[in-house]
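Chain by chain, the residues:
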Amino acid sequence: MNFQLVLEHLYLVLVSSIFATIIGLILGVIVYFFKSIRPAILKIIDIIQTIPALAILGLLMIIFGGTSTTVIIGLVLYSLLPIVNNTYVGLKSIDSGIKEAAIGMGMTKIQKLFQVELPLAFPMVFTGIRIAIVNSIGTAVFGSFVGGGGLGAIINRAILIQDMSTLILATLSLMIMAIIFDYGMGAIEKKLKIHF
C-alpha cells in the first residue's frame, strides 16, 4: 500500500478540521449571541448533515472540480454540526452567576466571551472538535470519487479488483488512524475537564 495516500488522507482530514473548527466556533458564538437567527443556522447545519456524503461531494465537484479542495469543503460542511452545537451548548451552560460577575467587573461582551465564557466552554468545544475529526477520517474515503485522493482510492480499487489483502490493510489503516486520534484527543479531553 502506498504510504503517500495515507499522508494525503491525513492532509484532507487535518486541513478540513482546522477550517471546520474556525468556522464552527464563529457560528457557535453567533448562535449563542443572536437568538433571532439561531433556529435558521442550526436547521441549515442539521440539513447538511442529512445529505449523503457522495451527493454533497458531487454537487461541490460541479463548482470546484475534482480536486482535494472539493473534499476539504465537503468535510468542513460535515464537521460543522458537532462543533457548532458543542460551542453553543458549552457557552449556554455556563453558570449565570459567573456571567453576571464578569459584567459586574466591567467587562464588555467581547471581553466576557474571550476571557471568561470561551475558556470555561472549551472542554465542551473540544469534545465537538474530537467528534468532527474522527468522523472526517471515515468520510474522507468518499473523496476518491471526486479526485481528492486519500485511502478511498485504494479501497475503491481493491474492491473493483477484489484484492482483499489491500482492502483489509487500507481499512486497518483507517481504523488505526481513527483510534489514535480518538484516544489521544480523549486523553486531552479528560485533562481539560479536570482542569476546568
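Reading the values: the criteria
- Residues numbered from 1 in each chain as written.
- Predicted model: local features only at pLDDT ≥ 70, side-chain atom pairs only at ≥ 80, totals over all residues.
- Heavy atoms only, no water.
- Helix = DSSP H or I, 4+ residues; strand = E, 2+ residues; numbered from the N terminus.
- Buried < 20%, exposed > 50% of the residue type's maximum accessible area, 1.4 Å probe, protein only.
- Phe/Tyr/Trp six-rings, centres within 6.5 Å; stacked < 30°, edge-to-face > 60°.
- Patch = residues over 30% accessible without salt bridge, like charges linked within 9 Å, V, L, I, M, F, W, Y side chains within 5 Å.
- Areas by Shrake-Rupley, 256 points an atom, 1.4 Å probe, with all protein chains shown as cover.
- Salt bridge = Lys/Arg side-chain N within 4 Å of Asp/Glu carboxyl O.
- 1 Å grid on protein atoms, 1.4 Å probe; cavity = no way out; pocket = protein on both sides within 12 Å on 5 of 7 lines; lining within 4 Å.
- Points joined across faces, edges and corners; volume = space filled by probe spheres on them.

Chemist: Explain unusual backbone geometry here, please?
Modeler: Negative phi values dominate among residues other than glycine, just as trans dominates among peptide bonds. The backbone phi angle of Gln162 is positive, close to 55 degrees, even though this residue is not glycine. Take Gln162: it is sitting in the loop between helix 7 (151–160) and helix 8 (164–195). Here Gln162 falls in the exposed class, since its relative accessible area comes to 67%.

Chemist: It is not clear to me how the packing of aromatic side chains should be interpreted in this structure. Could you clarify?
Modeler: Given two aromatic rings, their pairing is described by the distance between the two centres and the angle made by the two planes. For the coordinates displayed, the defined rule picks out two aromatic pairs. Centroid distance Tyr32 to Phe33: 5.1 Å. Interplanar angle 50 degrees. Geometry classified as tilted. Overall, the relative accessible area of 13% leaves Tyr32 in the buried class. Relative to Phe126, the ring of Phe122 has its centre 6.0 Å away and its plane inclined at 50 degrees; by these criteria the two rings are tilted. With Phe122 and Phe126 both in helix 6 (residues 109–139) and four residues apart, the pair spans about one turn of that helix. With relative accessibility at 11%, the residue Phe126 sits in the buried group.

Chemist: What am I meant to see in a nonpolar patch on the surface here?
Modeler: The grouping of Met164, Ile168, Leu172, Met175, Ile176, Ile179, Ile180 and Tyr183 at the surface amounts to a nonpolar patch, some 880 Å² of accessible area in total. Tracing the backbone shows Ile176 in helix 8. Its relative accessible area of 48% is what places Ile176 among the partly exposed residues.

Chemist: Whenever I open this one, empty space enclosed by the protein confuses me. Can you help?
Modeler: A water-sized probe, rolled over the atoms, reveals where empty space remains. Counted under the stated rule, the structure contains one cavity of 30 Å³ or more. The space that makes up the largest cavity amounts to roughly 40 Å³. The wall of the largest cavity is formed by Ala53, Ile56, Leu57, Val71, Gly74, Leu75, Tyr78, Thr139 and Ala140. Contributions of two or more residues to the lining of the largest cavity are made by helix 3 (53–64) and helix 4 (68–92). With four residues, helix 4 is the single largest residue contributor to the lining of the largest cavity.

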